[in-house]
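Spelled out from the first residue to the last, the chains are:
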Amino acid sequence: MAYGYISSALMWSAFAAVLLTGAAQFASAESQNLETDDVWVVEGETATISCRVKNNDDSVIQLLNPNRQTIYFRDVRPLKDSRFQLVNFSENELRVSLTNVSLSDEGRYVCQLYTDPPQEAYADLTVLVPPGNPIMEAEEDVVTEGNETEMSCTTSSSKPPAKIRWLKGAQELQGVSRVEDNYDSMYTVSSRVRVTVTKEDDGVAVRCVVEHPAIKDFTAQKILEVQYKPEVKISVEYPKGLTREGENLELTCRTRGKPQPQEVSWMKVDDDVPPHAVITGSELYIENLNKSFNGTYRCVAANSIGEAYDDYILYVYDAPTTPPPPSTAPPTTITTTPLPDTTQDSRAGEGVQRSVDHAVIGGVVAVVMFAILCALIVLGRYFARHKGTYFTHEAKGADDAADADTAIINAEGGVTHSDDKKEYYI
């Protein structure tokens, strides 16, 4: 029974203490007028801690270190650390600076105001340690086009851990990073990236960019050296237009590669190069072309990476017998002297004479046709007026015959009456 009574008393005492503490904290929160700010500072530089009072009733302000040791009591410094210096003291502010900050100075500093109950505000001091210079390494110094290479970048002794980014030219690359926590609360960060290179990457910088709040940016870079097989291009130096019989042909083989191609050769596909062709390094010269030279001419270039070629198809056209058609050559300005005006007048006269001749011929033909037409009309009217029927003596009696035989007999046996022969004109 007594044990239960004691337990109940202890429980109520604890509950009352909690209530009183809560009330005190509530009162403190209501009447709190002490302020301060968190501070970030780079190792070796100076930090400033400020304790500010909104409405001070002559209460004492003091600053304590993370070990609760008094750094300044009003404007007096009990702590024998000369790195702490008074910057400002008034009834509303106590401002103290700490020079040559080290990692051991990191922690929570306390601004304290002696009121009833006392008020406190906390300033967290964070010490930033910048990373060391990044160290960048490549798997190989020279890379062949199409291959993949790996690069790494490492930075150490930073706090907080640094962040590493990769750039190839202006292109962002995705790397894989790893953070190691050292024994002295420092961090080492390393990152790796793999890059597949092309010939266009030759001479491009790959950069490792280290980002950290204590610094602006640290950068390390490596210039890519990419080897690639030759690029070959045949250009026609002469002629600029069509290739015709009797003309000359001059070709140049232009190459580019890394390493630079040392071997350049000419050949004719499926045939031999004409015997009188002149080959000088990258140039091919053939004079006095004819159609037997038609075919495909190839320039081959090689280096230690590989070889490549380009083809030129030759087709020889007939020699021009008329002014040649316009070629693909750039236009050439030709100055000509205009013909005298008399020539133009002569041509105009010829045209006029031809026009007059045609007009005369046309007029004559029209007159003739008109005369013929008139003659036809006159003849037609003449014949129309003299048209009639003739009755002769030989046909007398034929009208009364019953048939053709009777008509013939009657006609043959008729009596001759020369006086009765008449003609009738209608």
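Residues numbered from 1 in each chain as written. Predicted model: local features only at pLDDT ≥ 70, side-chain atom pairs only at ≥ 80, totals over all residues. Heavy atoms only, no water.

This next bit is on the nonpolar core. Judged by nonpolar contacts, the single largest core of 24 residues is most densely connected at Leu63, Ile71, Phe84, Leu94, Tyr109 and Leu125. Looking at this core, the elements with two or more residues in it are β2 (39-42), β3 (47-53), β4 (61-64), β5 (70-73), β7 (93-98), β8 (107-113) and β9 (119-128). Look past the residues within four positions of tyrosine 109 in its chain and what remains in contact with it is Ile49, Leu63, Leu64, Asn65, Pro66, Ile71, Phe84, Leu98, Ala121, Tyr122, Ala123 and Leu125. (Core = buried A, V, L, I, M, F, W, Y, C linked by side-chain atoms within 4.5 Å. Buried < 20%, exposed > 50% of the residue type's maximum accessible area, 1.4 Å probe, protein only. Helix = DSSP H or I, 4+ residues; strand = E, 2+ residues; numbered from the N terminus. Contact = heavy atoms within 4.5 Å.)

Considering every residue of the protein chain, the mean pLDDT works out to 81; 74% of them sit at 70 or more. Confidence drops under a pLDDT of 50 for residues 329-356, and excluding neighbours within four residues, the segment shows 2 contacts in the predicted structure. Below a pLDDT of 50 lies the segment residues 389-394, which in the model reaches 9 contacts outside its immediate sequence neighbourhood of four places, other chains included. (pLDDT = per-residue confidence, 0-100.)

Here we come to the state of the cysteines. Put plainly, two cysteines are in a disulfide when a covalent bond ties their sulfur atoms together. By the definition in use, this model includes 3 disulfides. The disulfide bridge from cysteine 253 ends at cysteine 299, spanning 1.8 Å between sulfur atoms. Measuring the twist about the S-S bond at about -85°, one finds the cysteine 253-cysteine 299 disulfide to be left-handed. Taken together, the residues span a long stretch of sequence, with cysteine 253 in strand β20 (residues 249-258) and cysteine 299 in strand β24 (residues 295-302) at a distance of 46 residues. Residue classification places cysteine 253 among the buried residues on the basis of a relative accessible area of 4%. The class for cysteine 299 is buried, based on a relative accessible area of 0%. Each disulfide of the protein chain joins two cysteines, and with those cysteines numbered along the sequence the arrangement is 1-2, 3-4, 5-6. (Disulfide = S-S within 2.5 Å.)

As for its position among the elements, glutamine 112 is in strand β8. Among the polar contacts listed, one links the side chain of glutamine 112 to the side chain of glutamine 62, at a separation of 2.5 Å. (Polar contact = N/O pair within 3.5 Å; in protein donor to acceptor, adjacent residues only side chain to side chain.)

Inspection of the secondary structure puts valine 210 in strand β17 (residues 205-211). Residue class for valine 210 comes out buried when judged on its relative accessible area of 0%. For the pair valine 210 and glycine 132, spaced 78 residues apart in the sequence, the C-alpha separation amounts to 9.7 Å. Once residues within four sequence positions are removed from consideration, valine 210 is found in contact with Pro131, Pro134, Thr155, Ala162, Lys163, Ile164, Ile215, Asp217 and Phe218.

Let's shift gears to the pairing of β9. Note that β2 and β9 share 4 bridges and pair parallel. Directly across from valine 39, in β9, lies its bridge partner leucine 125. Direction of pairing for β8 relative to β9: antiparallel, over a ladder of 7 bridges. Counted as the bridge partner of arginine 108 is aspartate 124 from β9. (Pairing = 2+ DSSP bridges.)

Turning our attention to the sheet that holds β7. The 4 strands are arranged β1-β3-β7-β6 in an open sheet whose pairing can be described as antiparallel. Among the strands making up the open sheet, the edge pair consists of β1 (34-35) and β6 (84-89). In this sheet, β3 lies alongside β1 in antiparallel orientation, the contact comprising 2 bridges. Paired with leucine 34 across the two strands is valine 53, which belongs to β3.

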